[in-house]
Amino acid sequence: MSEIKKVKAVSMMPAINNLLKEGKGVRITVTGNSMYPFLRDKKDCVELYKTSFDRIKAGDIILVQRKEGGYVLHRVLLKLKKSVYILGDAQRRMEGPIYGNQILAKAEVIFRGDKKIAGDSLLIRKLSLLWTLVLPFRGIIMKSYRRLRNL
Amino acid sequence: MKIKEGFLLREIAGSFVVVPIGQRVIDFNGLMSLNESGALLWSRLEKGVESINELVGLLCGNYLVEEEKAREDIEAFINKITERGLMEDGNELGAIKCTADNELV
């Protein structure tokens, strides 16, 4: 009659969105590999809070509702006056423009396994900037990393 | 028997989920979800019941289920939510135990 389970975040999105609007923080486990290596599928969690367009900076991880309705949690690559462009850490093609009303929340805290890290800690900022700079080589880096791991 | 304040039963995409309110951060990783009959029991327990018989009556009135089976299920359900600390300490024994534990600390 009752069970404690991992509820799929996608089906919970309307509820999550309501809670965010009420000003609550929401902790969810990340699904999908588009933010690898920073966020690992079904392993890492984020704590989301409502945000505003003005407060968003390049490098932030934000929750976006796509025009088609789907939700993604990706990193801001570029911020313009009225829109941002986002890119998953495992991706090579950016997505945008994303307008303020599509931005539902910002990941203020990241849980990598049990380790709690502020979303805008200096280390994360530096690493993600570095990861952005090597953007053209992401594919080759990931491929060699996988090969190394499989050795 | 009554469920503690501070929890809200929400229906989301066809399933019932118990959401803690009043917490700053809501953790979606360990949420309790209930099926339809669980949700029925929960909403009655939110108001409070005198005895388990009330719940048995409720379940048998709404579902084709034998009284004995219903009672078994309800007991299991109450045990589960008590374990998770969602029930108010109804009996005095529980209250005394709590005080004793506190004194030890």
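Residues numbered from 1 in each chain as written. Chains lettered and ligands numbered in written order. Predicted model: local features only at pLDDT ≥ 70, side-chain atom pairs only at ≥ 80, totals over all residues. Heavy atoms only, no water.

- Identification of chain B as Coenzyme PQQ synthesis protein D (PqqD) from Anaerocolumna xylanovorans DSM 12503 is taken from an unreviewed UniProt entry.

- With an unreviewed UniProt entry as reference, chain A is termed Peptidase S24-like, source organism Anaerocolumna xylanovorans DSM 12503.

### Re the pairing of strand S4 (residues 61–65) of chain A
Residue and element names in this part refer to chain A.
Thinking step 1. Within S4, four of the five residues are buried, leaving the element largely enclosed by the surrounding structure.
Thinking step 2. Here five bridges tie S4 to strand S5 (residues 71–79), and the two strands are oriented antiparallel to one another. By the bridge assignment, Gln65 is partnered in S5 with Tyr71.
Thinking step 3. Taking the residues that link successive antiparallel strands as the turn, the S4-S5 hairpin has five residues, and the phi of Gly69 there is positive, at about 115°.
Thinking step 4. Bridging between S4 and strand S8 (residues 103–112) involves three bridges; their strand directions are antiparallel. Paired with Ile62 across the strands is Lys106, a residue of S8. (Buried < 20%, exposed > 50% of the residue type's maximum accessible area, 1.4 Å probe, protein only. Helix = DSSP H or I, 4+ residues; strand = E, 2+ residues; numbered from the N terminus. Pairing = 2+ DSSP bridges.)

### Observations regarding the side chain of Arg10 of chain B
Thinking step 1. Within the fold, Arg10 of chain B resides in strand S1 (residues 7–12).
Thinking step 2. Look at Arg10 of chain B and you get buried, because its relative accessible area is 17%.

### Focus on the interface of chain B and chain A
Thinking step 1. Opposite the 27 residues of chain B that make contact, chain A presents 23 residues.
Thinking step 2. Surface buried jointly by chain B and chain A totals about 2,200 Å² across both partners, of which 59% is contributed by carbon and sulfur atoms.
Thinking step 3. Our count for the chain B to chain A interface comes out at two salt bridges.
Thinking step 4. Our enumeration of links across chain B and chain A arrives at three residue pairs in polar contact (both at pLDDT 80 or more).
Thinking step 5. Residue assignment for the side of chain B that touches chain A shows that the elements contributing at least two residues are S1, strand S2 (15–20), strand S3 (25–27), strand S4 (32–34), helix H1 (36–47) and helix H3 (67–83) of chain B.
Thinking step 6. Considering each element in turn, the side of chain B that touches chain A owes the most residues, four residues, to H3 of chain B.
Thinking step 7. Across three bridges, the pairing between strand S2 (residues 25–29) of chain A and S3 of chain B is parallel. (Contact = heavy atoms within 4.5 Å. Buried area = accessible area lost by both parts, 1.4 Å probe. Salt bridge = Lys/Arg side-chain N within 4 Å of Asp/Glu carboxyl O. Polar contact = N/O pair within 3.5 Å; in protein donor to acceptor, adjacent residues only side chain to side chain.)

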